[in-house]
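# Notes for the structure review
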Amino acid sequence: MTKTTPFNLAVFALITLAITALTFSNPGTSDVSDFLSWSATLLQKNPFAGYAVIADYPPLGPFILWAAAEAGRLVHLTPLENLKFAIALFQYAAALIAWRVFSPGAATLLFSLIAAYGSLLGYIDCFYLPFILLGLRALEHNRPALALLLFTAATLIKWQPAILCPLIFIQAFALAKFPQKFLFPLPAAAFAAAVIAAFAPASVWWAFSGAAVDPFFSGQAFNLDWLATGLMKLFHIAGQHFAPGGTITPIIALPPPWYAASRTLFWIAYLANLVLFTLRAKTQKRLILALLAAESIQFTLNTGVHENHAFLILILGFVALFQNHLSKIRFTLIAVLALSNILLFYAFPSANLTAGPIGAALTVALSAAQCALCAATIHSHAAA
Amino acid sequence: MIPLRAAIVLLIAAALIIAFANAPGTFDDYAFIAWAKFLLRPGPFAGYAQLSRVTDLDYPPIGITIMWATIKLAHHFSWPELQSFKIPLILTSLAAPAIAYTRTRAPEQALILLLIITPFGLILGYTDVTYLPFLLAAFYLAERELFWAAGLSLALCAFIKWQPIIFAPVFLIAAWRQATSPLPFAKLAAPTTLFVIAILLLYHPATVIHVLFTATSDNEFSAQGVNLAWLLSALFEYLHLGGLTFQPSGAITLLTTPSPAAAVNIAMTALRYLFYAVFLAHLALYAIGPKSQAAFLISATACAAAQFTFNTGVHENHFFVTLIAAFAAWQSKALDNFAFAACAAIALLNILVFYGFGDGFNFSNLFKIDSSIFLALAELLTYALILRQQLQTCLAARPLGRISEAQSATSRATSEN
């Protein structure tokens with residue numbers, strides 16, 4: 001492991017500053033304009049009343065956007081600069097945790113990977129990242145109440161970590177000693193109740209239920225549904241056709257049986273993974289691999305999945321790599337597939353890499369690779 | 001049979017090739033294609049001399065011949081020129097990870113190399129990738145002390161692009177340390193010498209030397225290489241020396257000599273001498289250090305890093321040679337993970353800061369501070385990291401060496417008594 005020295009710290013600081021500066025003015029994806037308009041709404045009203053208007057994300061995500069916009073107003077930053085500045089702060093927080101827990105090399109790697117999501121394209125997944133990393137650390141140190149609290153906070157920022165919460169709860173329950181066994185969820189429950197009460201339960205419910213019934217059959221995520229989308233367009237199933245030039249485009253609405261088939265497959269695999277984890281002795285290795293499998297199952301098999309949702313797979317793969325639970329080649333493949341999702345659609349606008357029959361073949365091949373990788377991840381968990 | 005993991009690397013390589021075969025690259029690519037088309041009529045040997053007379057040609061002969069061959073093929077089969085230009089880049093981008101894989105059988109290392117070189121070769125069309133398999137082969141052959149073959153491979157690299165010539169002194173010292181006297185050394189050097197003479201004769205010695213002279217007498221003080229000269233450029237423009245100033249966007253301008261600012265002209269000379277001094281110091285460190293693979297690879301990395309950091313006329317893709325030496329050193333654990341990650345980040349960010357992924361980034365800054373300044377500072381510190389590792393590798397063994405000598409002398413004395 002590389003030692004921490006002032007030299008390493010300075011190199012890390014300058015490389016990450018260069019990445020931040022390089023991407024600071026990049027306008028990002030269309031999500032960014034949503035975030036900016038939310039920030040404006042929240043500034044106009046207040047974070048609590050304003051949230052009722054938005055109610056698309058869980059409440060703490062927009063709350064962070066509001067805090068960033070409020071702070072930025074004091075120092076006269078533009079709205080985009082506010083957003084990028086907040087993203088950079090959370091990226092640094094996550095990288096410094098990785099530095100403390102793993103190594104300087106790990107911190108540099110983590111910052112470089114997540115900067116493609118945050119600094120470059122403006123996704124706010126990094127807002128919950130420090131909580132996930134600290135939550136996993138808390139579980140390692142036998143602090144189940146703190147771990148559950150941190151994961152609850154992460155879920156109240158964006159809904160994706162909710163997929164992990166049942167596994168975290170089971171592990172925390174197994175770790176807790178007798179009197180604590182029934183008390184450890186209390187801080188997390190109290191925190192969640194306070195946040196939901198502050199932001200109006202109906203709005204929070206609306207945000208979570210909206211995420212659960214996302215109308216996209218296939219978003220821009222290379223997964224099983226994208227593979228199915230390619231086949232449906234090729235064979236003109238359910239009235240689907242390629243876009244002009246032979247490009248595969250996402251499917252937003254299909255007859256309900258298609259969603260039911262996809263969701264059933266997801267739930268079977270997800271529950272099987274959960275049961276497998278529950279029935280066996282709990283170890284840190286099994287937990288990390290079960291979390292990775294759960295997130296891979298969600299990304300690969302569920303509907304309503306978008307290009308940035310592989311973020312958590314990347315993070316869990318990173319943790320598994322540096323805890324020596326995952327091989328380097330497996331992590332590299334996870335990183336390649338996760339990043340290809342966002343970079344192919346957004347990093348090379350003039351090259352238009354997903355267009356035409358070649359682009360279609362490329363995206364289908366990547367989707368098949370993601371399915372294979374998901375199967376390998378499930379197998380790793382089962383074999384652990 | 002190909003192992004499953006190697007097959008996965010191959011599949012990813014195929015996906016990258018499909019994705020980026022049409023990437024537009026930098027404007028250099030179109031200059032190369034124009035040169036290659038110029039050679040179609042006279043042929044590569046006579047044409048090389050003619051081309052050097054009508055242009056500021058600063059590329060070595062084999063590199064130009066490879067370009068000629070690809071454009072010739074393109075015209076013969078009516079293939080698009082840009083895609084054909086990428087054929088050697090694709091082939092060498094596949095060969096290099098394969099060679100890296102044969103050394104350690106670690107597919108993740110091959111995959112990391114493939115991913116790192118993709119922005120250089122497939123996406124932006126830099127021809128540095130063309131010599132990469134031969135450069136890796138040169139390092140691996142030298143590690144096995146097959147210096148006659150390593151020298152040949154390195155000479156081939158240098159005739160494809162000049163940059164790998166920076167490693168020649170390190171290879172010479174390593175070969176001399178193996179040979180220890182003139183005759184065995186001459187035997188080791190003979191194949192390379194004959195090869196160099198053959199190439200000179202084939203392409204006309206005066207022309208090759210003239211082109212090499214053009215390449216080494218670049219009048220750019222700061223090109224797009226984020227190094228010490230780049231930082232000095234920013235400083236001169238900040239101070240408005242000789243009327244120098246930032247571009248209207250706030251971006252740093254590329255400075256050339258002779259400059260209206262005397263400081264630039266003085267700094268150009270000073271930096272050149274500083275580079276020579278530092279480079280010689282790295283060679284001296286290697287020469288006095290232990291005869292080991294680690295010392296050889298870290299010294300090669302340090303020499304290349306010194307060239308990028310202190311020399312003038314350095315461009316954005318010139319960190320590539322340092323990156324490759326660093327990769328070989330990292331493979332053999334002569335360089336730690338963090339230093340290699342820093343080298344990879346510097347190499348990739350240096351091209352991204354100017355070109356993006358072929359679409360170009362607009363001038364990027366953080367609160368009006370040009371992002372390339374952070375990068376240039378990071379590059380200087382990365383050089384310092386490499387220097388520190390060379391010092392540790394080459395000097396740390398010396399006191400131990402003395403102690404072990406003293407111990408063996410004591411034990412000899414004891415046994416004699």
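The structure displayed is predicted, hence computed values, not measured ones. As a convention, each chain's residues are numbered from 1 in the sequence order in which they are written. To label them, take the chains in the order written and letter them from A, then take the ligands in the order written and number them from 1. Whole-chain, interface and lining totals are the exception, using all residues; otherwise, since this is a predicted model, local features are given only for residues with pLDDT of at least 70 and side-chain atom pairs are given and counted only at 80 or more.

Before going further, it helps to examine the overall build of chain A. Helix numbering and strand numbering both begin at the N terminus, where a helix is a DSSP run of H or I of at least 4 residues and a strand a DSSP run of E of at least 2. Assigned secondary structure in chain A consists of 18 helices and 0 strands. Using C-alpha atoms as the atom set, the radius of gyration is obtained and then compared with a globule rule of 2.2 Å times the number of residues to the power 0.38. For 384 residues, the compact-globule estimate of 2.2 N^0.38 gives 21 Å, and the C-alpha radius of gyration of chain A, at 21 Å, lies within 12% of that figure. Looking at the 384 residues of chain A, the share that counts as buried comes to 54%. Throughout, a pair of residues is in contact if the C-beta atoms placed from their backbones lie within 7 Å. Considering only contacts within chain A whose residues lie at least 6 apart along the sequence, 72% involve residues at least 24 apart. Exposed residues have 12 or fewer other C-beta atoms within 10 Å of their own C-beta, buried residues have 20 or more, and residues in between are partly exposed; the C-beta atoms are placed from the backbone.

Below, the discussion takes up the overall build of chain B. Looking only at helices and strands, one finds 20 helices and 2 strands in chain B. Its C-alpha atoms give chain B principal-axis dimensions of about 80 × 55 × 50 Å. Burial statistics for chain B: of 417 residues in total, 51% are counted as buried. Relative to all contacts within chain B whose residues are 6 or more apart in sequence, the contacts with residues 24 or more apart total 72%.

As a further point, take the confidence of the model for chain B. Residues and elements named next belong to chain B. Taken over all residues, the pLDDT of chain B has a mean of 88, while the share at 70 or more is 93%. Looking at any residue, its pLDDT shows the predictor's confidence there, from 0 to 100. With pLDDT under 50 throughout, residues 400-410 is counted as low confidence; its partners more than four residues away or in other chains account for 0 contacts. In the model, residues 413-417 has pLDDT below 50 throughout and makes 0 contacts with residues more than four positions away in sequence or in other chains.

It is worth spelling out the interface of chain B and chain A at this point. Contacts between chain B and chain A engage 40 residues on the former and 35 residues on the latter. For the side of chain B that touches chain A, the element with the most residues is helix H19 (residues 371-395) of chain B, which contributes 10 residues. The residue makeup of the side of chain B that touches chain A, split by class, is 27 nonpolar, 8 polar and 5 charged. Polar here means any residue other than Ala, Val, Leu, Ile, Met, Phe, Trp, Tyr, Cys and Pro, which are nonpolar, and Asp, Glu, Lys and Arg, which are charged; Gly is therefore polar.

All names here are of chain A. Orientation is described by lines fitted to C-alpha atoms, with helices fitted over the stretch in contact, and by angles between N-to-C directions that extend from 0 to 180 degrees. Packing of helix H2 (residues 30-44) against helix H3 (residues 47-54) leaves a shortest axis separation of 7 Å and a crossing angle of 140 degrees. The pairing of H2 with H3 is recorded here as oblique in orientation. For the crossing formed where H2 meets H3, the hand is right-handed. Contacts from Trp38, Thr41, Leu42 and Gln44 in H2 reach Pro47, Gly50, Val53 and Ile54 in H3. Note on angle classes: values under 35 degrees are labelled roughly parallel, values over 145 roughly antiparallel, values of 65 to 115 roughly perpendicular, and the remainder oblique. By definition, turning the near helix anticlockwise from the far helix through less than a right angle yields a left-handed crossing, and turning it clockwise yields a right-handed one.

Let us now look at helix H14 (residues 228-239) of chain B. All names here are of chain B. Helix length check: H14, at 12 residues, gives a terminal C-alpha distance of 16 Å against a target of 16 Å (1.5 Å per residue), a fit within 8%. Those residues of H14 that are buried lie in contact with helix H15 (262-288), helix H16 (293-310), strand E2 (369-370) and H19. Downstream of H14 by a residue or two, His240 has a phi angle that is positive, lying close to 60 degrees. Given a helix with a known number of residues, its expected span is that number minus one, times 1.5 Å.

Residue and element names in this part refer to chain B. Within the secondary structure layout, Tyr286 lies in helix H15. The exposure class of Tyr286 is buried, given the 25 C-beta atoms found within 10 Å. Distance in space between the C-alpha atoms of Tyr286 and Leu297 is 9.8 Å, their sequence separation being 11 residues. Beyond its immediate sequence surroundings of up to four residues, Tyr286 is in contact with Val170, Ile173, Ala295, Ser299 and Cys394.

Another point: the environment of A:Ala238. Residues and elements named next belong to chain A. For Ala238, the location among the structural elements is in the loop between helix H13 (224-234) and helix H14 (256-279). The exposure class of Ala238 is partly exposed, given the 13 C-beta atoms found within 10 Å. Sequence separation of Ala238 and Trp258 is 20 residues, and the distance between their C-alpha atoms is 9.6 Å. Setting aside anything within four residues of it in sequence, one finds Ala238 in contact with Met232, Leu254, Pro255 and Trp258.

For the rest of this paragraph, the subject is the packing of H16(B) against H19(B). All names here are of chain B. Remark: H16 packs on H19, axes separated minimally by 9 Å, with the N-to-C direction vectors making an angle of 150 degrees. As judged from the angle between their axes, H16 and H19 are roughly antiparallel. Both H16 and H19 take part in a crossing whose hand is left-handed. Residues Ala294, Ala295, Ile298, Ser299, Thr301, Ala302, Ala305, Ala306 and Thr309 of H16 form the contact with H19, whose own contacting residues are Glu379, Leu380, Tyr383, Ile386, Leu387, Gln389, Gln390, Thr393 and Cys394. Looking at the contact of H16 with H19 residue by residue, the classes come out as 11 nonpolar, 6 polar and 1 charged.

On to unusual backbone geometry, then. In the segment running from B:Thr257 into B:Pro258, the intervening peptide bond is cis, with an omega of -5 degrees. Along the chain, B:Pro258 turns up in the loop between H14 and H15. Not every positive phi belongs to a glycine, and A:Asn324 is a case in point at roughly 60 degrees. Turning to its location among the elements, A:Asn324 is positioned in the loop between helix H16 (311-322) and helix H17 (328-346). Notably, B:His240 is not glycine yet its phi reads approximately 60 degrees, a positive angle. In this structure B:His240 comes out as exposed when scored by C-beta crowding, with 11 C-beta atoms within 10 Å.

A word on the environment of B:Phe159. Residue and element names in this part refer to chain B. If you trace the backbone, Phe159 turns up in helix H10 (residues 147-160). Look at Phe159 and you get buried, because 25 C-beta atoms sit within 10 Å. For Phe159 and Val208, which are 49 residues apart along the polypeptide, the C-alpha to C-alpha distance reads 9.5 Å. Each residue touching Phe159, except ones within four places of it in the same chain, is listed here: Pro60, Pro61, Ile62 and Ile199.

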